Amino acid sequence: MEKKYWKSLEELNNQPEDNKSADHIPQGKNLLDLIHDEIADKPSSRRNFLKFCGFGFASAAIISSCENPVKKAIPYLNKPEDVTPGMASHYASTYFDGSDYSSILVKVRDGRPIKIEGNALSPLTKGGSSARVQASVLSLYDGHARLKNPSKSGEDIDWQTLDNEVISKLKEISDAGEAIVLLTSSIISPSTIKLIEEFKTFYPGTRHVIYDPDSFSGMLMANMTTFGQAVIPDYRFEKAEVIVSFMADFLGTWLNPQEFASGYAAMRSLTNGEQKLSYHIQYETGVSISGSKADKRVRIRPSDVGGLLTGLYNSIATLAGAETLPGGTAHESFGELAPKLWENRGKSVVICGTNDPDEQILVNAINNLLGNEGNTLSYATPLLTRQGFDSEMETLVAEMKSGKVGGLILWNVNPAFDYYNPEAIKEGLKNLKVSVSFNTSLDETLGHIIYSAPAHHYLESWGDAEPKKGYFSLAQPAIRPIYNTRQAQESLLKWMNSDRDYYTYLKDFWQSNILKSGESAWRKALQDGVFQLDAAATEPGFTGSGVLPAAQKLTESAETQGFEIHLYQTIAIGTGRHANNPWLMEMPDPVSKVCWDNFAAVSPGTAQEMGLIKGSMIKIGNLELPVLIQPGQADKTISVALGYGHNAFGKVADGVGVNVFPLSTISKNCRTYRISGVEPEKTAGEYKLASTQMHHSMEGRPIVRETTLAGYLEKPDSGNELHAEFEKKHVTLYKETEFKGHHWGMAIDLNTCIGCSACVIACQAENNVPVVGKEEVMKSRIMHWIRIDRYYNGDGQDPEIVFQPVMCQHCDNAPCENVCPVSATNHSSEGLNQMAYNRCVGTKYCINNCPYKVRRFNWFRYVTNDKFDYNMNSDLGRMVLNPDVTVRERGVVEKCSFCIQRIQEKKLLAKNENRPLADNEILPACAQACPSKAIVFGDLNNPESQISKMFSDPRNYHLLEELHTLPSVGYLTLVRNKPGTEA
């Protein structure tokens, strides 16, 4: 049966989209009526003609003649030795925000960081990155939220005064035998861990408490029970031929998605010579990007996880001849899954994203039964990015409330916002003799702290990291401190009366403990950014302890009533640490396509039962949220994103969305993000959500193409038969274009694209794409040069999902070029569709004639405009702009250029070195950022290039091939690992 693809429930049910409504046209009038009202009884004139036939012409003319900005160039008086004006420098460094890790390269132009890239030398991230990593450079230039000076009770003071007072208070507390607590997020810096131990020795009675708002305490407790080690294993998806995930969005937000995406893609690619795919089944409540990529996705309620894990264990134990456990749920999928897992012993992995220690014990038992330890997961090289135990945080809060803690030092934590009981935190903070925050920016906790000792931004700091046992990386500053801040480690040294600076401390630590060598080894490690120690390690033995009690407890707690709430993180702002970053706030969620808000996601069935429509308001406890009807959501469940609802975090984050952290609770000494027995109420009123690009529709056309693995093995062009048919019909009256030098092209493998949107933010950072705000997004005026289209197929309750990145297709027969009255859009000799911004007069004919809808129009001046007060409205914010790319003014059209500035840079470099360009030497921002390497760029005129081989792949096709536009972007047909030969 032919599949039907659709983008929204409105499209599926043939209803109008919210974004299509013409709210700006008065009721009872259409656009022609408005035009008639404007021109009636007015003399005909060229001015009126331009106003209504192409008002962009007049706007652009006025701007170019009257508003051309004055640009000043100030030369160096004494040029630094390592700086060449106009040439970029790259510094290896490390990104770690308390949960997400990445080895990075920082691109610096004339002393200012402007772009983050992945470090290709890293054995973990392999040059990939994420949307958050790409956007992190913008937070450096946040002139509003970043703290600029040390302060006491909100009043600025100097560092010497702060140091004297804090040291005096700490000594007083320590001498009195009272407790001093250093409350931090997970710390993976080995030198910092050593420094903290020295600080604890210097101030007896000090202890270190780790607090992770996205807690993995349940997994740590389970692994201590079953393996004797409270660590998180290293998951090796590149070795897993069967992947079973329960509620774990391992490609989006769970643990280390950058590394996991790389390993996952290695087992999902058909371009590497392999003729097999891993099999991936996802059990989840809300739709995640991992669930979207799964070969089979099963909707479950959060409370179902324990019973399903027990049932899966019993199904495998029966095949293994082992003893089964009491209870359990026998799901229909286990009949196929259990034998598949048993056949792939040692080549499968089962993971779980809940924070329940009993469920994690069951997962360990299943993996042990399948012999996966030491193969697809390893406890010998554990992940170190999550270390917090929720019980320690509970003890701390109780002690603060009872006055048993004298001093508290906070570092990269914001418990007044993301703790489930913020009032208890605030009450406890009042009882302290001294409280100090090292946090870099504004947060909700700061107003309850006595001293603020703001730390540098990570791009201003020295540091190191060990995200996985034996895998190290270094961080170095890429810019001098912008404000009067000080590195947190430097403050700890000061308060220990040490004369050493942290750089010296860090270097000595590395030379003595890690490198065990001299200056040259240090410089080499600093230049590479990464270092690996091959330490001999053995896998701990599985004790089996706790498995039977865990199954019994899960059986006892299986029954639930009413609705269930599932709290999750978005790939944009996570737990809320990045909520003040406008790039991330405006990044459309890959699945829901919503930005600038969180919402209550309900299934179509639940919505019908409750009488809800998109934008209806529902009340959960004392919180009200707008409704989004999400196909694929489990019935009688509600999924809500964490991290929104700030009130003292910065001008972008404050007042956006609802803070749902207070809905989380403590269960089994662990933070739980699922709530049972809830009865939501529909309330009065409606709320408009900003959904992006939902007006782009397949309209029944084969824009995405897919097949099954069985079909592909039988016939490599399965699902892509139309491509050969359209290729035969490439007949034209026009002379065929010849590209005698290079012919640039791009290929996107739909199998390995995970929809993570790293490419979207990388493109925004590289090409100075502005943020326009929620109101403009709702008018479909978002400016991103690349978008991630999301298509459903199947019914409205449980559809399959496909992601497809779309940018300018750089057509050889570009429809936009022959309609431009001023030749602003033209074709280069290397196959690029170019835009001459100075020539564009804003008629938008090219936009109307582009079948791919990839061109963007500058409706307003987004730079130095108080109406768009984001990163382009201040001198500091504009420091992030790439000088190689023009900042577009109002009234012109812009779109993807294949990062022409990068093409020219590498061409000139090869010319200066008197050599040909190497394949994959040129990497557009999107391709360089992609963690799964789904995007490939290169020269189509080079038959040995990777791009040429992908274009000759039987799976390759182009969008709207029947139009004969001859795009230079190709897509590889999606192949799912499921039975059947139908396309």
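Each value, and the rule that gives it
Residues numbered from 1 in each chain as written. Predicted model: local features only at pLDDT ≥ 70, side-chain atom pairs only at ≥ 80, totals over all residues. Heavy atoms only, no water. pLDDT = per-residue confidence, 0-100. Contact = heavy atoms within 4.5 Å. Buried < 20%, exposed > 50% of the residue type's maximum accessible area, 1.4 Å probe, protein only. Helix = DSSP H or I, 4+ residues; strand = E, 2+ residues; numbered from the N terminus. Phe/Tyr/Trp six-rings, centres within 6.5 Å; stacked < 30°, edge-to-face > 60°. Lys NZ or Arg CZ within 6 Å of the ring centre and 35° of its normal. Salt bridge = Lys/Arg side-chain N within 4 Å of Asp/Glu carboxyl O. Polar contact = N/O pair within 3.5 Å; in protein donor to acceptor, adjacent residues only side chain to side chain.

Participant: Honestly, the confidence of the model for the protein in this entry has me stumped. Any pointers?
Facilitator: Detail in the predicted coordinates should be disregarded across regions flagged by low pLDDT. Overall, the prediction assigns the protein a mean pLDDT of 90, with 92% of residues at 70 or greater. Counted against residues more than four places away or in other chains, residues 53–67, with its pLDDT under 50, gives 20 contacts.

Participant: Would you mind going over helix α18 (residues 519–528) with me for this structure?
Facilitator: Listed in full, the buried residues belonging to α18 are W522, A525, L526 and D528. In the core, the buried residues of α18 are packed alongside β2 (88–96), β19 (471–475), α17 (502–514) and β20 (530–532). Backbone geometry just after α18 places G529 at a positive phi near 85 degrees.

Participant: Looking at this structure, how should I read the packing of aromatic side chains?
Facilitator: Each pair of aromatic rings is reported with the distance of its centres and the angle of its planes. A complete count under the given rule lists 33 aromatic pairs for this structure. Ring centres of F246 and Y283 lie 4.6 Å apart, and the angle between their planes is 5 degrees; this geometry places the pair in the stacked category. Of this pair, F246 sits in strand β10 (residues 242–246) while Y283 sits in strand β11 (residues 279–284), placing them 37 residues apart in sequence. Taken together, the ring pairs connect F216, Y235, F237, F250, W254, F260 and Y264 into an aromatic cluster. The positively charged end of K468 is found above the aromatic ring belonging to Y471, 5.2 Å away from the centroid. If you follow R781 out to its NZ or CZ, it ends over the ring of W859, 4.0 Å from the centre.

Participant: Before we go on, may I ask you to explain the pattern of salt bridges in this structure?
Facilitator: Two side chains with opposite charge may pair up if their charged atoms get near one another. Considering all chains together, one arrives at 49 salt bridges under this definition. Note that K433 and E178 form a salt bridge whose closest N and O atoms lie 2.6 Å from each other. Highlighted residues: K433 in the loop between α15 (422–430) and β16 (434–437) and E178 in the loop between α5 (159–175) and β7 (179–184), separated in sequence by 255 residues. Given the relative accessible area of 37%, K433 is considered partly exposed.

Participant: What is the right way to look at the side chain of R902 in this model?
Facilitator: Along the chain, R902 falls in helix α27 (residues 900–912). R902 gets classed as buried once you look at its relative accessible area, which sits at 8%. A distance of 2.5 Å separates a polar atom in the side chain of R902 from a polar atom in the side chain of E117. In this structure the side chain of R902 is engaged in a polar contact, spanning 2.9 Å, whose partner is the backbone oxygen of L923. Not counting chain neighbours up to four residues away, the residues in contact with R902 comprise K115, E117, E766, I922, L923, P924, A925 and Q928.

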